[in-house]
Amino acid sequence: MTATAMLGRLLFAVLASALPAQEAPVPTHLKVKATFTRLDKDGKPEVVAQPSVITVDGKRATITVGNAEEGVLLSVMPKVNADGTLTLDVVTETREPPATPPSPAPAAARPAAPAKAKGGIPLFHGVLPADKLFSIEDAAGARKWLPLGRKVDGWTLRAYDEKRQALTLTRLGESRELVLHQAVIEEAPVAGPSVRRSETRLTLPKGQTAKLGGGQGQEITVEAEILDLSK
């Protein structure tokens, strides 16, 4: 390599290092504002909430008014168009608490059919520890208070474990252990809030607003503006 070529390369390297690094372009920032209004008792519109959020061109942002059980959630993605207009892709979720079902009318009282002993084994319904008596239901559905040593349907009341509330019966060398017969109550499922979801695309000229249906007697007005971050 000649001296002239080496000098040229050295000069190019010095000039390149002196040039400022090229910065990445700053994304366009936008401010999206939603105004929630409803009619007051006189029929005049009143502002309920006016939240806003700042995002960048093409990135989705969320505005929430209320809570997870009752309220409105707006998911907005703004886009700046070449002609200066703004396109907003809006997803609206309206949540309302479940309606309270009416209380059922009381049913007419009628005698309950007696539970039948299963498989020829008596049912153990209750105990009086102080008197050492046990409420036993036989195969015919009849209940009696019996002490240890008595028989029902051929089974002898042999022993009782108070801690476990377990009664031991024996018959012809066979032993069975009974626990207190209790009804099982199943809880009704808890209804969650009702959710209504809609998707809307809005195109707004600069400085204009658009209206959305908000539910719950509210109206939503959406607007967006480009922010100048150079100031």
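For the rest of this paragraph, the subject is the overall build of the protein. From N to C terminus, the protein includes one helix and 16 strands. Across the 231 residues in the protein, those meeting the buried criterion constitute 28%. The long-range share in the protein, meaning contacts at least 24 apart out of those at least 6 apart in sequence, stands at 42%. Of the accessible surface of the protein, which amounts to about 16,500 Å², a share of 55% is contributed by carbon and sulfur atoms.

Take the pairing of strand 8 (residues 133-137) next. Burial analysis of strand 8 places four of its five residues in the buried class, the great majority of the element. Pairing geometry for strand 7 (residues 123-128) and strand 8, over five bridges, is antiparallel. Looking at the pairing, Phe124 lines up with Ile136 of strand 8. Linkage of strand 7 to strand 8, two consecutive antiparallel strands, is achieved through a turn of four residues, within which Lys132 is found at a positive phi near 55 degrees. Here five bridges tie strand 8 to strand 9 (residues 143-147), and the two strands are oriented antiparallel to one another. Looking across to strand 9, one finds that Leu133 is bridged to Pro147. Between the end of strand 8 and the start of strand 9, which pair antiparallel, lie five residues, with Gly141 showing a positive phi angle near 90 degrees.

One pass over the structure, following the stated rule, counts 13 salt bridges. Between Arg164 and Asp161 there is a salt bridge, with its nearest N and O atoms 3.1 Å apart. Note on Arg164: relative accessible area 46%, which makes it partly exposed. Exposure remark for Asp161: the relative accessible area of 29% places this residue in the partly exposed category. Between Lys211 and Glu219 there is a salt bridge, and its shortest N-O distance comes to 3.7 Å. The class of Lys211 is exposed, set by a relative accessible area of 58%.

Okay, the nonpolar core next. Within the largest apolar cluster, 22 residues are counted, with the highest numbers of intra-cluster contacts made by Phe36, Leu74, Leu88, Val90, Leu202, Leu212 and Ile220. Residue assignment for this core shows that the elements contributing at least two residues are strand 1 (29-39), strand 4 (61-66), strand 5 (71-80), strand 6 (86-96), strand 14 (194-204), strand 15 (209-215) and strand 16 (218-226). If near-sequence neighbours (up to four positions away) are discounted, Leu202 is found in contact with Leu86, Thr87, Leu88, Val90, Ala210 and Leu212. Formed by 13 residues, the second largest nonpolar core is a distinct cluster that contains Val127, Phe134, Leu167 and Leu169.

The strands that make up a sheet are held in pairs by hydrogen bonds between backbone atoms, and each pair lies either parallel or antiparallel. The sheet built from three strands is open, its strands ordered 7-8-9 with antiparallel pairing. Two strands lie at the open edges of the sheet, namely strand 7 and strand 9, each paired on one side alone. The average angle at which neighbouring strand axes cross in this sheet is 30 degrees, direction not considered.

Further remarks concern the confidence of the model for the protein. Scored by pLDDT, the protein comes out at a mean of 80, with 73% of its residues at no less than 70. Note that residues 107-117 has pLDDT below 50 and, in this model, 14 contacts with residues that lie over four places away or in other chains.

Counted according to the given criterion, the structure contains three aromatic pairs. Among the aromatic residues, those joined into a ring-pair cluster are Phe124, Phe134 and Tyr160.

With that settled, consider the layout of surface pockets. Looking at the largest pocket, its volume works out to about 180 Å³. For the largest pocket, the full set of lining residues is Gly84, Leu86, Lys206, Gly207, Gln208, Glu223, Ala224, Glu225 and Ile226. Here the lining of the largest pocket takes four residues from strand 16, the largest share from any one element. Looking at the lining of the largest pocket residue by residue, the classes come out as three nonpolar, three polar and three charged.

A separate point is the side chain of Thr55. On the secondary structure map, Thr55 appears in strand 3 (residues 52-56). The class for Thr55 is buried, based on a relative accessible area of 7%. There is a polar contact of 2.9 Å between the side chain of Thr55 and the backbone oxygen of Lys59. Sequence-distant contacts of Thr55, defined by excluding residues within four places in its chain, comprise Thr28, His29, Leu30, Arg60, Ala61 and Pro78.

Rules used throughout
- Counting from 1, residues in each chain are numbered in the order their sequence is written.
- Side-chain atom pairs in this predicted model are given and counted only at pLDDT of 80 or more, local residue features only at pLDDT of at least 70, and totals for whole chains, interfaces and linings cover all residues.
- Side-chain figures throughout are based on the complete set of non-hydrogen atoms in the structure, without hydrogens or water.
- Under the DSSP-based scheme used, a helix requires at least four consecutive residues in state H or I and a strand at least two consecutive residues in state E, with every element numbered from the N terminus.
- Note on classification: 1.4 Å probe, protein chains only; a residue is buried when its accessible area is under 20% of the maximum for its type, exposed when over 50%, partly exposed between these limits.
- Contacts between residues were defined by any pair of non-hydrogen atoms, one from each residue, lying within 4.5 Å.
- Shrake-Rupley sampling with a 1.4 Å probe provides the accessible areas, and residues are treated as covered by the protein chains on show and by no other component.
- Only strands joined by at least two bridges in the DSSP assignment are considered to pair.
- Note on definitions: salt bridges are taken to be side-chain nitrogens of Lys or Arg within 4 Å of carboxyl oxygens of Asp or Glu.
- What makes a nonpolar core is a set of buried Ala, Val, Leu, Ile, Met, Phe, Trp, Tyr and Cys residues whose side-chain atoms join them at distances within 4.5 Å.
- Helix axes are fitted only over the stretch in contact, all axes being lines through C-alpha atoms; the angle between N-to-C directions runs from 0 to 180 degrees.
- Confidence of the predictor at the level of single residues is captured by pLDDT, which takes values from 0 to 100.
- When the centres of two rings from Phe, Tyr and Trp lie within 6.5 Å, Trp using its six-membered ring, the rings pair. Their planes under 30 degrees apart give stacked, over 60 give edge-to-face, and anything left gives tilted.
- Site definitions follow a grid-based scheme: protein atoms alone, a 1 Å grid, a 1.4 Å probe that fits but cannot get out for cavities, and for pockets an open set with protein on both sides within 12 Å along at least five of seven lines, plus lining residues having an atom within 4 Å of a point.
- Grid points are joined across faces, edges and corners, and a volume is the space filled by probe spheres set on the points.
- Polar here means any residue other than Ala, Val, Leu, Ile, Met, Phe, Trp, Tyr, Cys and Pro, which are nonpolar, and Asp, Glu, Lys and Arg, which are charged; Gly is therefore polar.
- For the purposes of these results, a polar contact is taken to be a pair of N or O atoms within 3.5 Å, where, inside protein, one atom must be able to donate a hydrogen and its partner to accept one; residues adjacent in sequence count only when each atom of the pair is a side-chain atom.

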